[in-house]
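Examination of the molecular architecture
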Amino acid sequence: MREKMKKLEVLEVHICKMEESSGNKQFFVQLVRTDEKSHGSVLDYNCFQTKHFDKNECLERAWFSASMLARFAGLTSMDEVLLYNFTEEETEIIKKALYLRW
């Protein structure tokens, strides 16, 4: 039988959407330490941009990538991944994407 993974209480997983003045959208997958708010407390793990992929592909890649961090941090589900600056449509798209199951 598999042991339950211990949650690392000081870590959160974020996906933040940013937009450049050129219109390029960026989706940053981040591991964030919550016990300190100083330089080095945010790890930008991945970034997917619409200048390289269409928006749906960026969202799907970001969600899968976030699932690796969520598993590493011991989160209990993908519902604990925090989304920032997302529209309702983007949230709906991303929640339907594939992710690691644990």
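Throughout what follows, the structure given in this document is the object of discussion. Worth saying up front: this structure is predicted, and the values here are computed from it rather than measured.

The pairing of strand β1 (residues 11-19) with strand β2 (residues 25-33) spans nine bridges and is classified as antiparallel. Each residue of the ladder has a partner; that of Glu19, found in β2, is Lys25. Counting the residues in the hairpin turn of β1 and β2 gives five residues, including Gly23, whose phi is positive at 100 degrees. Two strands pair when backbone bridges link them, and β1 and strand β4 (residues 82-84) are joined in this way by three bridges, in the parallel orientation. Residue pairing for β4: Cys16 is matched across the bridge by Tyr84.

Below, the discussion takes up the pairing of β2. Of all nine residues in β2, seven are buried; the element is thus mostly enclosed. Two strands pair when backbone bridges link them, and β2 and strand β3 (residues 42-49) are joined in this way by seven bridges, in the antiparallel orientation. Its bridge partner being in β3, Val29 is matched across the sheet by Asn46.

The rules behind each value
- Each chain carries its own residue numbering, running from 1 in the written order of its sequence.
- Residue-level local features of this predicted model are given only where pLDDT is at least 70; pairs of side-chain atoms are given and counted only at 80 or more, and the full residue set underlies all totals for whole chains, interfaces and linings.
- Hydrogens and water are ignored here; the side-chain numbers use all heavy atoms of the structure.
- In this analysis, strands are considered paired if DSSP registers two or more bridges between them.
- A run of DSSP states H or I qualifies as a helix once it reaches four residues; a run of E qualifies as a strand once it reaches two. Both are numbered from the N-terminal end.
- Three labels apply to residues, based on accessible area from a 1.4 Å probe with only protein chains included: buried if under 20% of the type maximum, exposed if over 50%, partly exposed otherwise in between.

So, to be careful, I would describe these as geometric facts and stop short of saying anything about function.
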